[in-house]
Amino acid sequence: MNVLLLYPTWTGAYGLFGHFARRNSTWPPLNLALLAAIAERHGHNVTILDGESEQIPLEEMVQRAVAMKPDLIGFTATSPFFHLSKTVAEGIKRLAPGIPIAVGGPHITIMKEQALLGCFDYAFIGEAEESWPQFLNACEQRKDLSTVRGIIYRRNGELVSTGQPADITDLDALPIPARHRLPMSRYKLGTLRGRLPFTSIQTMRGCPWKCIFCASEALKTTEMRVRSPRSVVNEMKQVVEIFGTRHFYIVDDVMTLWKDHILEICDLIDQEGLQITFEGSTRANLVEEDVIARLVKSGLIRLSFGLETVDPEIRRTMKKQVPLEHYVKANGICNKYGVEALNSVMIGLPGETRETVRATLKFLRQAREVKQANFAIAVPYPGTEFHKLAVNGEKGVKLMTQDFSEYRRYGSAVTTVGELTPHDLIDLQNEGFVSIYSAPWRWIPMLQKHGVIGGSLMLVRVARLLSQKLFAGHGHASQEQLISLGDGAFGRIQDSAMSPEPVGVAPTGSSSTTPLLTIASASRTGAAPAGHFGHPTNPNG
C-alpha cells in the first residue's frame, strides 16, 4: 500500500508567537517516523509530509495530499491540535472522499469513539506498533478488521471497537524510526550553544508517578518499558553517520530514573566515539552530582525539571512532593558543571491564589541558582485527574470551555480557580515573566541562548510589560498578551476576546474569501516512592 502520514503545521495559527516558536525549535514527528518504519518493514511504501517543518499551509497540505493519490492517509493528534488534523481531513474528504483516513495519538486514545468524527474512517487506540501493521495488511488483503485489536471503525454505519491493543513490552524489537522520510536538516533546537541540528530519541517509556495534570491512567504511562542501552546508542550512531546530526533530545519522562541505565548509555557513547551532545528531563531529587559529572563527559548540555509551585498544599494536591531544596541543589549542580537548567512553573492548579503565585515568584527571585524558568498555565487535558476535578467543579476549579483548541499553556486559560478568572491567570503569567526575567543576573543566559537580537527583544518586552502594568490603571492597558514558548522564548498574540475574527473570514495568510478549510474550535496501585524506582531489568516489579 502507498501510505501518506500527515503532520499539519500548528504555529501559523499563533501569529508572532508561532514565529518565535519556529525560530527556537522545530521538532521531528518521531511517532510518525516510527510508524513509517514499521509499515516499511511490512512491505508498504510510506511518505511523511511534515507541514510544520516545511511551513505548508493547511489548504496546500490538502491539495498535495490529494495529488499524491495514496491508498491511506494517517494523522496523529494531541488535544490542543486535534482541530488542525480535523480541518485537513475534512478538506481531503471534500476533494477525494474515497481516500480512507486513519487517526491516532493521545487525544484519540482518551476520547475514543467521540474522536472518530465523520472525516475519519479509522481510529487507533493506545500504542499502535502492533495494530498498525496488522491493519495495513488487512486493508491491503481486504480482510475482516475485527481481528485487529485497538481500532475503531464503522461497519454498516455503526461504530465498532475491537478493544485495547496488545501492550508493547519489547522496545528493542521495534525498528529505528524512518528519519530518512523526514527533512532532517530542518530540525533545530535553541540552546546556550546556539541553534543545533537535532533529533529526539527515546530510551524508555513511562513514568511511575501520577501527577494530576498527566493522563497517566488513561494512557497507561505508569507501565515502565526500557530499551537496552546498546539499541539506543546504535540508533544514535546511525543518526550521526547518515544525517550528521549530533544533538539528541532524550524524550524520556525521567531520564535519570535509573542511574545504571543512563550511565551505561554514556559508556557506550564514549566507546563509539560519537562526540555528541544531549539533553532531557528528570525530577530534581534524582539529580546527583556524581551522575551529572559523568553525563557531562558524554555530552549532557541541558536538563529540565518541573518545579510547578512552592505551595505545600498545592504540591500535595497535584501529587508531586519533591522537597523544594532539591530544586535549588539541582540547579546548583547543573550550574557547576555548565549544564543549562530549565525549570517549569505551573499556575492555576487546585488551591491557587494570588498569594500562592507570588510566593512561587518570591522563591524564584531569591533562588539565584535558578537561571531560567518558564511560567505555564495549568491545562486540564482530557484523561487527567485535573480534568475530572474541573468538569465536576471540585477543589475550587471550574472548566470554562470544552473547546480543545483553547487548551494551550501560554496566553490562554480555560479554568476558573477559586477567585482567579482565566484573565487573572493570564495576567499572573505575564507578571511571572516580568518577575523572573527582570532580574539582571538572568540576562546573560537569556542572551547566550537567544542571541543579542533575540535576547534584546525579550528585554524590551519585559520593559513594555512593566510600563503596561504601571499605566493599566489609567486606561492604557494593551490588548497584547505575552506568552512563553516553554523554554525561555517569548512572543505576543492578540487577545481573541478583544479582537474576534468575524465568522467566515479566511484564516490569516489565506488569499481566498471562501477558503476550502475553516479551522473549527470545537499500572501501579501502590504509592510510588519519592526517589529511584524499580530497576531497568524489572521496571514494574
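Being a predicted model, the structure only gives us computed values, none of them experimental.

## A look at the overall build of the protein chain
Alright, step 1. When helices and strands are tallied, the protein chain shows 16 helices and 20 strands.
Alright, step 2. When each of the 541 residues of the protein chain is scored for burial, the buried share is 55%.
Alright, step 3. Counting every atom, the protein chain has about 22800 Å² of accessible surface; 52% of that belongs to carbon and sulfur.

## Remarks on the pattern of salt bridges
Alright, step 1. Under the criterion given, the structure shown has 25 salt bridges.
Alright, step 2. Here Lys 320 and Glu 308 are joined by a salt bridge, their closest N and O atoms 3.2 Å apart. On the criterion of sequence distance, the pair formed by Lys 320 in the loop between helix H11 (312–317) and helix H12 (325–336) and Glu 308 in strand E14 (residues 300–308) is long-range, its members being twelve residues apart. Take Lys 320 and Glu 308: they sit in the same class, and that class is buried.
Alright, step 3. For Arg 316, the salt bridge is made with Glu 313, and the minimal N-O distance between the two is 2.8 Å. Remark: Glu 313 and Arg 316 occur in helix H11; sequence separation between them is three residues, near one turn of the helix.
Alright, step 4. A relative accessible area of 43% means that Arg 316 is categorised as partly exposed.
Alright, step 5. On the basis of relative accessible area, Glu 313 is assigned to the partly exposed category, the value being 43%.
Alright, step 6. Beyond isolated ion pairs, a larger network of salt bridges with shared partners links Glu 127, Glu 129, Arg 205 and Arg 225.

## Quick look at the packing of helix H3 (residues 58–68) against helix H4 (residues 82–95)
Alright, step 1. Orientation of H3 relative to H4, taken along the N-to-C sense of each, is 45°, at an axis distance of 9 Å. The angle between the axes of H3 and H4 places the two elements in the oblique class. Every pair of crossing elements has a handedness; the one defined by H3 and H4 is right-handed. Of the residues in H4, those touching H3 at Leu 58, Met 61, Val 62, Gln 63, Ala 65 and Val 66 are Leu 84, Thr 87, Val 88, Gly 91, Ile 92 and Leu 95.
Alright, step 2. Per-class residue counts for the contact of H3 with H4 are nine nonpolar, three polar and no charged.

## Let's talk about the sheet that holds strand E8 (residues 188–191)
Strand pairing in a sheet relies on backbone hydrogen bonds, with the paired strands running either antiparallel or parallel.
Alright, step 1. One open sheet holds the seven strands; their spatial order is E8-E9-E12-E13-E14-E15-E16, and the pairing between them is mixed. Strand pairing shows two members of the sheet lacking a second neighbour, E8 and strand E16 (373–377), which therefore form its edges. Neighbour to neighbour, the strand axes of the sheet diverge by 30° on average, direction disregarded.
Alright, step 2. For strand E15 (residues 340–347) and E16, the ladder comprises five bridges, and the chain directions are parallel. Bridged to Asn 343 within E16 is Ala 373.

## Observations regarding unusual backbone geometry
Among all residues save glycine, negative phi is the norm, and among peptide bonds the norm is trans.
Alright, step 1. Positive phi, normally seen in glycine, also occurs at Gln 55, with a value near 50°.
Alright, step 2. Here Gln 55 shows up in the loop between strand E2 (45–50) and H3.
Alright, step 3. One non-glycine residue, Lys 319, lies in positive phi territory at about 65°.
Alright, step 4. Of note, Lys 319 is situated in the loop between H11 and H12.
Alright, step 5. What makes Lys 319 partly exposed here is its relative accessible area of 41%.

## Notes on the nonpolar core
Alright, step 1. Counting 104 residues, the largest nonpolar core has Leu 6, Ile 73, Phe 75, Ile 92, Phe 120, Leu 295 and Leu 364 as its most contacted members.
Alright, step 2. With seven residues, helix H15 (residues 422–437) is the single largest residue contributor to this core.
Alright, step 3. The residues touching Phe 120, leaving out its near neighbours within four places in the chain, are Phe 75, Phe 82, Ser 85, Lys 86, Ala 89, Ile 101, Val 103, Ala 115 and Arg 154.

## Comments concerning helix H13 (residues 354–366)
Count 3.6 residues to each turn of an α-helix, and residues three or four apart come out pointing the same way.
Alright, step 1. Counted at 1.5 Å a residue, the expected span for H13 with its 13 residues is 18 Å, and the 18 Å between its end C-alpha atoms agrees.
Alright, step 2. Regarding H13, the residues found buried are Thr 356, Val 357, Thr 360, Leu 361, Phe 363 and Leu 364. In an axial view of H13, the angular spread of the buried residues amounts to 155°, which keeps them on one side of the axis. The outward face of H13, more than 90 degrees from its buried face, is lined by the exposed residues Glu 355 and Gln 366.
Alright, step 3. For H13, the secondary structure elements touched by its buried residues are E14, H11, H12, E15, E16 and H15.

## Things to note about the packing of aromatic side chains
Alright, step 1. All told, the structure shown has ten aromatic pairs when counted by the stated rule.
Alright, step 2. Where Trp 10 meets Phe 81, the ring centres are 5.2 Å apart and the plane angle is 35°; that geometry is what we call tilted. Separated by 71 residues along the polypeptide, Trp 10 in the loop between strand E1 (2–7) and helix H1 (15–24) and Phe 81 in the loop between strand E3 (72–76) and H4 bring together distant segments of the chain.
Alright, step 3. The exposure class of Trp 10 is partly exposed, given its relative accessible area of 22%.
Alright, step 4. Relative accessible area serves as the criterion here: at 25%, Phe 81 is assigned to the partly exposed category.
Alright, step 5. Centroid distance Trp 27 to Phe 198: 5.0 Å. Interplanar angle 80°. Geometry classified as edge-to-face. Highlighted residues: Trp 27 in the loop between H1 and helix H2 (30–41) and Phe 198 in strand E9 (residues 194–201), separated in sequence by 171 residues.
Alright, step 6. Given the relative accessible area of 32%, Trp 27 is considered partly exposed.

## Here's the deal with the confidence of the model for the protein chain
Alright, step 1. Confidence in the prediction for the protein chain averages 84 pLDDT; 79% of positions are at 70 or higher.
Alright, step 2. Taken as a whole, residues 473–533 scores under 50 in pLDDT and shows 141 contacts with residues more than four places along the chain or in a different chain.

## Looking at the environment of Gly 348
Alright, step 1. Summarising the element assignment, Gly 348 is placed in the loop between E15 and H13.
Alright, step 2. Here Gly 348 falls in the buried class, since its relative accessible area comes to 0%.
Alright, step 3. With 80 residues separating them along the chain, Gly 348 and Leu 428 place their C-alpha atoms 9.6 Å apart.
Alright, step 4. Setting aside anything within four residues of it in sequence, one finds Gly 348 in contact with Ala 378, Phe 386, Val 417 and Leu 425.

## Thoughts on H2
Alright, step 1. The terminal C-alpha atoms of H2, which comprises twelve residues, lie 16 Å apart, in line with the 16 Å expected from a rise of 1.5 Å per residue.
Alright, step 2. In terms of residue burial, H2 counts as a mostly covered element, since nine of its twelve residues are buried.
Alright, step 3. Taken together, the buried residues of H2 touch E1, E2, E3, helix H6 (131–140), E9 and strand E10 (204–205).
Alright, step 4. Positive backbone phi, approximately 90°, marks Gly 43, located one or two places after H2.

What counts and what doesn't
- Residues numbered from 1 in each chain as written.
- Predicted model: local features only at pLDDT ≥ 70, side-chain atom pairs only at ≥ 80, totals over all residues.
- Heavy atoms only, no water.
- Helix = DSSP H or I, 4+ residues; strand = E, 2+ residues; numbered from the N terminus.
- Buried < 20%, exposed > 50% of the residue type's maximum accessible area, 1.4 Å probe, protein only.
- Areas by Shrake-Rupley, 256 points an atom, 1.4 Å probe, with all protein chains shown as cover.
- Salt bridge = Lys/Arg side-chain N within 4 Å of Asp/Glu carboxyl O.
- Axes fitted to C-alpha atoms, helices over the stretch in contact; angles between N-to-C directions.
- Parallel < 35°, antiparallel > 145°, perpendicular 65-115°, else oblique.
- Left-handed = near helix turned anticlockwise from the far one by under 90°.
- Contact = heavy atoms within 4.5 Å.
- Nonpolar A, V, L, I, M, F, W, Y, C, P; charged D, E, K, R; others polar.
- Pairing = 2+ DSSP bridges.
- Core = buried A, V, L, I, M, F, W, Y, C linked by side-chain atoms within 4.5 Å.
- Expected span 1.5 Å × (residues − 1).
- Arc of directions from axis to C-beta.
- Phe/Tyr/Trp six-rings, centres within 6.5 Å; stacked < 30°, edge-to-face > 60°.
- pLDDT = per-residue confidence, 0-100.

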